[in-house]
Amino acid sequence: MGMTMVQKILARAAGLPKVLVGDVVEPKVDLAMSHENGALVINQFSEIYQGTGQPANVWDPSRIAIIFDHRVPAESPKTATNHKKIREFVAKQGITKFHDIRGDEGGICHQILPESGYDLPGQVIVGTDSHTTSHGALGAFSFGIGATEMASVWALGKVLNVEVPGTIKVVVNGTLPKYVEPKDIILNLIGKLTAEGANYKVIEFHGETVRKMSTSGRLVLCNMTVEAGATSGIVPPDKETVRYLKQEAGVKAIPALFGPDADAQYEQVVEIDASKLEPQIAFPHTVDNVKPVGAAKGIKVQQIVIGSCTNGRLDDLAIAAGILKGKKVARGVRMLVFPASTRIYQQALQKGYLATFMKAGAVVMNSGCGPCLGVHQGALADGDKALATTNRNFKGRMGNPNAEVYLSSSATAAASAITGEITDPRSLISEKPTRKPGRPKGSGKTQKTRNTKRKDKQGKKTVKRGRK
Amino acid sequence: MAKVALKLGDDISTDIIYPGRYMATVLPTETPQYAFVDDAEFNKKLKAKQVEPGSFIVAGKNFGCGSSREQAASCLTGWGLKVIAKNFARIFLQNSINVGLYMVICPAIEADEGDEIEIIASTPLGNPKVKNVTKGKEFDTVPLPKARQAIIDAGGLIPYTRKLILSGRK
């Protein structure tokens, strides 16, 4: 019996020839990521060493990444003090993968890690953030842990007592129709699996749609697997992974790629036909409350949010800017755009997307988690409804338990900003002249490919300039 | 024996237990004040010390889904609350074991607010049972992951890791 991706990765990390589902292993950690909650990790870490007579030094400062993103710039003296405490710890321990509040290298942890080349296929990555599932997009086994667990990792360099999880195989085939995006695939899947349907399991993505998808889209899929309860999402790495690592992340030494064994055992197989998929909406107040966009038609919204670790990447901004070009955000709607990293912010600036957003009436905010988790920026009023490209719509999520959050793709969010109510982006297709009329459908996909290509041609310069 | 202080449904997220806007507060000594803060009535009761330590929260499936914020577990231990749920979301379960929150997985639990609950710790099969004294019913429990038992026995992950460091098993 063969092994799934996660079995193979855990076997390697535990130094074993083979592991079975349910085995308990203590995998070595390749990368340990924290954000502002590093303040709590530091507290727990020093508590571990209390009375041991040993110095409280992390096991390997080069394997720890700390990225400020949840509350940037600080919204309160309390946060600013947490930031300061972390900065001092970083300096003392010699942690180099540190991204402070800066316009040249800041951003959301789940974008900073991949774009900086910190994520590599086959790695074991842990993060004190539930959306650490994202990094499976590059073929790593990457999962969220709590602060005390992280303190233990900082001390030992391994995660204690990990049960090898079972895997759900998701096979996506078919070409996505125009304005139907990776976000719609994952929302549809969460609706099918339910919020706890993948609890303790890994979701492994297969199929031609995933093979043809950019790493950016794969990050969307893996990011939201946690909303079905999954420990992690994972895409077996391939040519696209190598392209991303080399061209966009500046990685020179790419590790040997491997996929699951052909006879790997899966607990469940889910098939999705992307060509039949419609834009999806997650209704309040659970992420699995998913319906096709038509069911939300006419729901008036007061806030649109495009951004976050889920959908704040360049292709999201490109598709939204394409829809908003020459249009206006409806009066009475506040549209907020949060690029996922400052590099993406600069790229979007160069491509003119940010100017398009501002001319339309949107507010472009700094890179960070922004209003997604209701910490600061863009809180909702009592009775407000928001449509967001973020990942959670729990009661109180956007800062107010008396408001409602709906989730969608960037295309749906942009289309809805124009009308002021939840709108099927496909309804704009006829009225909007495409750049190449007569092109066969599936150009939602085509458009993305076009953007990627363009980036490839002139991108190298841009990318290099963006880095260090 | 202790009372059910709060009865909840399925998919209770960490945003309900401990809203994101209080995440700058991290210390276990400070987090309890924000436990269920958006449930004004229950939060007020906690702060007024009208909820006895040792009282139970009874919830449905997928308790603690969402964020990895450990405050959602530490804010409950601070009040001495115990949680019985049909099942728990993965990260919340791990966090709770790590910080020593008393939790019971009880898939068939039936209880209402005010019911008296007793945990029968040792049964012939070794698994604790939940007895709803008020309703006169007993319910089976699902053991916590075996892999975590050593951490529970050590009183949490901090003492457990400390022990490993001292024993040189690092």
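Residues numbered from 1 in each chain as written. Chains lettered and ligands numbered in written order. Predicted model: local features only at pLDDT ≥ 70, side-chain atom pairs only at ≥ 80, totals over all residues. Heavy atoms only, no water.

## Details of the overall build of chain B
Okay, step 1: Counting its regular elements, chain B contains six helices and seven strands.
Okay, step 2: What you see in chain B, going N to C, is helices and strands ordered as β-α-α-β-α-β-α-β-β-β-β-α-α.
Okay, step 3: Counting only C-alpha atoms and orienting by the principal axes, one finds that chain B spans roughly 50 × 45 × 25 Å.
Okay, step 4: Counting the 170 residues in chain B, one finds 53% classified as buried.
Okay, step 5: Of the roughly 7,000 Å² of accessible surface on chain B, a fraction of 52% belongs to carbon and sulfur atoms.
Okay, step 6: Across chain B, the centroid of the 22 positively charged side chains sits 7 Å from that of the 18 negatively charged ones. (Helix = DSSP H or I, 4+ residues; strand = E, 2+ residues; numbered from the N terminus. Buried < 20%, exposed > 50% of the residue type's maximum accessible area, 1.4 Å probe, protein only. Areas by Shrake-Rupley, 256 points an atom, 1.4 Å probe, with all protein chains shown as cover. Lys, Arg positive; Asp, Glu negative; His and termini not counted. Charge placed at Lys NZ, Arg CZ, Asp CG, Glu CD.)

## Considering the interface of chain B and chain A
Okay, step 1: Each partner contributes to the interface: chain B provides 47 residues, whereas chain A provides 48 residues.
Okay, step 2: Summing both sides of the interface, chain B and chain A together bury roughly 4,100 Å²; the carbon and sulfur share of this comes to 54%.
Okay, step 3: Inspection of the region where chain B meets chain A yields four salt bridges.
Okay, step 4: Across the pair E196 of chain A and K61 of chain B runs a salt bridge, and its minimum N-O distance is 3.6 Å.
Okay, step 5: Linking chain B with chain A are 25 residue pairs in polar contact (both at pLDDT 80 or more).
Okay, step 6: Among the secondary structure elements, those contributing two or more residues to the side of chain B that touches chain A are α1 (14-17), α4 (90-99) and α6 (157-166) of chain B.
Okay, step 7: A per-element tally of the side of chain B that touches chain A places α6 of chain B first, with eight residues.
Okay, step 8: Here the side of chain B that touches chain A is composed, by residue class, of 22 nonpolar, 12 polar and 13 charged. (Contact = heavy atoms within 4.5 Å. Buried area = accessible area lost by both parts, 1.4 Å probe. Salt bridge = Lys/Arg side-chain N within 4 Å of Asp/Glu carboxyl O. Polar contact = N/O pair within 3.5 Å; in protein donor to acceptor, adjacent residues only side chain to side chain. Nonpolar A, V, L, I, M, F, W, Y, C, P; charged D, E, K, R; others polar.)

## Thoughts on the state of the cysteines
Okay, step 1: If you walk through the whole model with that rule in mind, you get zero disulfides over all chains.
Okay, step 2: You can see C369 of chain A has no disulfide; the closest cysteine sulfur is in C109 of chain A, sitting 6.3 Å from it.
Okay, step 3: With no disulfide of its own, C75 of chain B lies closest to C65 of chain B among cysteine sulfurs, the gap being 15 Å.
Okay, step 4: Judged by its relative accessible area of 0%, C75 of chain B is buried. (Disulfide = S-S within 2.5 Å.)

## Overview of the side chain of E70 of chain B
Okay, step 1: Here E70 of chain B is to be found in the loop between β2 (56-59) and α3 (71-77).
Okay, step 2: Summary of buried charges: E70 of chain B has no salt-bridge partner, and the nearest side chain of opposite charge, R148 of chain B, is 9.2 Å away.
Okay, step 3: For E70 of chain B, the side chain forms a polar contact with the side chain of T148 of chain A, separated by 2.4 Å.
Okay, step 4: Apart from the residues within four sequence positions on either side, E70 of chain B is in contact with L40, Q44, G146, A147, T148 and E149 of chain A together with N95 and V99 of chain B.

## A short note on the packing of helix α2 (residues 38-49) of chain A against helix α5 (residues 147-156) of chain A
For any two helices packed against each other, the geometry is given by the interaxial angle and the distance between the axes.
All names here are of chain A.
Okay, step 1: It is at 8 Å that the axes of α2 and α5 come closest, and there the two elements cross at 55°. Considering their axes alone, α2 and α5 lie oblique with respect to each other. Of the two possible hands of crossing, α2 and α5 adopt the one that is right-handed. Mapping the contact onto sequence places G38, L40, V41, I42, Q44, F45, I48 and Y49 in α2 and A147, T148, M150, A151, S152, W154 and A155 in α5.
Okay, step 2: Of the residues in the contact of α2 with α5, the class split is 11 nonpolar, four polar and no charged. (Axes fitted to C-alpha atoms, helices over the stretch in contact; angles between N-to-C directions. Parallel < 35°, antiparallel > 145°, perpendicular 65-115°, else oblique. Left-handed = near helix turned anticlockwise from the far one by under 90°.)

## Focus on the packing of aromatic side chains
Okay, step 1: Applying the stated rule across the entire model yields 13 aromatic pairs over all chains.
Okay, step 2: Relative to Y34 of chain B, the ring of Y22 of chain B has its centre 4.1 Å away and its plane inclined at 15°; by these criteria the two rings are stacked. Here Y22 of chain B is found in the loop between α1 and α2 (40-47), whereas its partner Y34 of chain B is found in the loop between α1 and α2, with 12 residues between them in sequence.
Okay, step 3: Ring geometry for F63 of chain B and F92 of chain B: centres 5.3 Å apart, planes at 85°, overall edge-to-face. You can see F63 of chain B sitting in the loop between β2 and α3 and its partner F92 of chain B sitting in helix α4, a full 29 residues away along the chain.
Okay, step 4: On the basis of relative accessibility, which here comes to 2%, the residue F92 of chain B falls in the buried class.
Okay, step 5: Here the aromatic cluster, defined as three or more aromatic residues joined through ring pairs, consists of F45, Y49, F89 and W154 of chain A.
Okay, step 6: Here the guanidinium or amino end of K97 of chain A rests over the ring plane of Y118 of chain A, the centre of that ring lying 5.3 Å away. (Phe/Tyr/Trp six-rings, centres within 6.5 Å; stacked < 30°, edge-to-face > 60°. Lys NZ or Arg CZ within 6 Å of the ring centre and 35° of its normal.)

## Observations concerning the sheet that holds strand β5 (residues 116-120) of chain B
Residue and element names in this part refer to chain B.
Okay, step 1: Strands sit in the order β4-β3-β2-β1-β5-β6-β7 across an open sheet of seven strands; the sheet is mixed. On the outer flanks of this sheet lie β4 (103-105) and β7 (137-140), each paired with one strand and no other. Geometrically, the sheet is characterised by an average inter-axis angle of 30° between neighbouring strands, direction not taken into account.
Okay, step 2: Where strand β6 (residues 129-132) and β7 come together, four bridges link them in antiparallel fashion. Counterpart to N132 in the pairing with β7 is K137. (Pairing = 2+ DSSP bridges.)

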